[in-house]
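# Examination of the molecular architecture
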Amino acid sequence: MKRAVISFALALGTLASAPAFAQAPEPTLSAALQNKTSVGTARLRYWGFDVYDASLWALPGFDINRFENQRFGLELAYLRDFKGADIAERSIDEMKGLATIEPGQATRWTQAMSNLFPDVKRGDRITGVHVPGSGARFYLNGKLLGEVADDAFSRLFFGIWLSPKTSQPRMRETLVKNIASVARTP
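Only a predicted model underlies this, so the values are computations on that prediction, with no experimental measurement involved.

## So, the overall build of the protein chain
- Broken down by element type, the protein chain carries 6 helices and 6 strands.
- Secondary structure elements in the protein chain, listed N-terminal to C-terminal, are α-α-β-β-β-α-α-β-β-β-α-α.
- Burial analysis of the protein chain (186 residues in total) assigns 48% to the buried set.
- When contacts within the protein chain are restricted to residue pairs at least 6 apart in sequence, long-range pairs at least 24 apart make up 62% of them.

## What about the packing of helix H3 (residues 84-96) against helix H4 (residues 103-116)?
- Following both chains from N to C, one finds H3 and H4 inclined at 145 degrees, their axes separated by 8 Å at the closest point. Once H3 is placed against H4, the crossing between them reads as right-handed. Taking contact as the criterion, the partners of Ala 85, Ala 88, Glu 89, Ser 91, Ile 92, Met 95 and Lys 96 in H3 are, on H4, Ala 106, Trp 109, Thr 110, Met 113 and Ser 114.
- Across the contact of H3 with H4, the residue classes tally to 7 nonpolar, 3 polar and 2 charged.

## Here we look at the packing of aromatic side chains
- Counting across every chain of the model gives 14 aromatic pairs.
- Arranged with centres 5.5 Å apart and planes meeting at 70 degrees, the rings of Phe 62 and Phe 72 form a pair that is edge-to-face. Residue Phe 62 is located in the loop between strand E2 (49-58) and strand E3 (72-78), and its partner Phe 72 is located in strand E3; the two are separated by 10 residues in the primary sequence. Pair check on accessibility: Phe 62 and Phe 72 agree, each one buried.
- Through a chain of ring-to-ring contacts, the aromatic side chains of Phe 62, Phe 67, Phe 72, Trp 109, Phe 117, Phe 138, Phe 153, Phe 157, Phe 158 and Trp 161 assemble into a single cluster.
- Seen from the ring of Tyr 46, Arg 90 lies directly overhead, with NZ or CZ sitting 5.6 Å from the centre.

## A look at a negative patch on the surface
- A cluster of acidic side chains, namely Asp 81, Asp 86, Glu 89, Asp 93 and Asp 119, defines a negative patch on the protein surface.
- Secondary-structure assignment places Asp 86 in helix H3.

## Considerations on unusual backbone geometry
- A positive phi angle, close to 70 degrees, is found at Asn 35, a residue other than glycine.
- Structurally, Asn 35 can be placed in the loop between helix H2 (29-32) and strand E1 (37-46).
- Using a relative accessible area of 62% as the deciding quantity, one classes Asn 35 as exposed.
- Its identity is not glycine, yet Trp 47 carries a phi of approximately 50 degrees, on the positive side.

## Some points on the pairing of E3
- Taken across its 7 residues, E3 has 7 buried, putting it largely inside the fold.
- Every second residue of E3 is oriented toward a common face, with Phe 72, Leu 74, Leu 76 and Tyr 78 on one face and Gly 73, Glu 75 and Ala 77 on the other, all of them buried.
- Here E2 runs beside E3; their pairing, made up of 6 bridges, is antiparallel. Residue pairing in the sheet places Ser 55 in a bridge with Glu 75 of E3.

## Quick word on the sheet that holds E2
- Ordered in space as E1-E2-E3-E4-E5-E6, the 6 strands form an open sheet in which the pairing is antiparallel. This sheet does not close on itself; its edge strands, each paired only once, are E1 and strand E6 (143-148). Averaged over all pairs of adjacent strands, the angle between strand axes in this sheet comes to 20 degrees, irrespective of strand direction.
- Relative to strand E4 (residues 125-131), E3 runs antiparallel, the two sharing 6 bridges. By the bridge assignment for E4, Ala 77 is matched with Arg 125.
- Docked against the sheet, H4 engages strand E5 (135-140) and E6, running at close to 170 degrees with respect to E6.

What counts, and at which threshold
Residues numbered from 1 in each chain as written. Predicted model: local features only at pLDDT ≥ 70, side-chain atom pairs only at ≥ 80, totals over all residues. Heavy atoms only, no water. Helix = DSSP H or I, 4+ residues; strand = E, 2+ residues; numbered from the N terminus. Buried < 20%, exposed > 50% of the residue type's maximum accessible area, 1.4 Å probe, protein only. Contact = heavy atoms within 4.5 Å. Axes fitted to C-alpha atoms, helices over the stretch in contact; angles between N-to-C directions. Left-handed = near helix turned anticlockwise from the far one by under 90°. Nonpolar A, V, L, I, M, F, W, Y, C, P; charged D, E, K, R; others polar. Phe/Tyr/Trp six-rings, centres within 6.5 Å; stacked < 30°, edge-to-face > 60°. Lys NZ or Arg CZ within 6 Å of the ring centre and 35° of its normal. Patch = residues over 30% accessible without salt bridge, like charges linked within 9 Å, V, L, I, M, F, W, Y side chains within 5 Å. Areas by Shrake-Rupley, 256 points an atom, 1.4 Å probe, with all protein chains shown as cover. Salt bridge = Lys/Arg side-chain N within 4 Å of Asp/Glu carboxyl O. Lys, Arg positive; Asp, Glu negative; His and termini not counted. Charge placed at Lys NZ, Arg CZ, Asp CG, Glu CD. Pairing = 2+ DSSP bridges.

Have a look at this one:
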């Protein structure tokens, strides 16, 4: 709990603040994903190693082409052990592949993720919930870790998996293949 409070304070103090009408994060994942269903799954393999299984949770009618405007969840069920700091570093590298990020902003986002993401063991699940206009909320095995109250961060973070510019286009295609509005990208 102390980590969540510190991370939340860091996010509010060093990142763009959430709008005044933003609601406090739900304490459990089931509350955060109320009425959402799994709309797709995919496995990330890297150099022949299974890394994680991803599941996308959304309402019926989810539009992948406008993912940044909709509330949804993305769960990563880890198949290996990883250090939280390594997850944060890899995430920021992937985000930089989607857009130009100023060095100071990259440092703040990396620090916010490092403060939030714990070391994970095989079987742990980190689920991010995109809250349009507010930011990203993160849950470990269903319990709130904290949030990054920055909408630009959230759009780029979830773009790692959902943007047509992802570094893993086959994984994206598998993850969203059952969504009717998927844009087919070359």
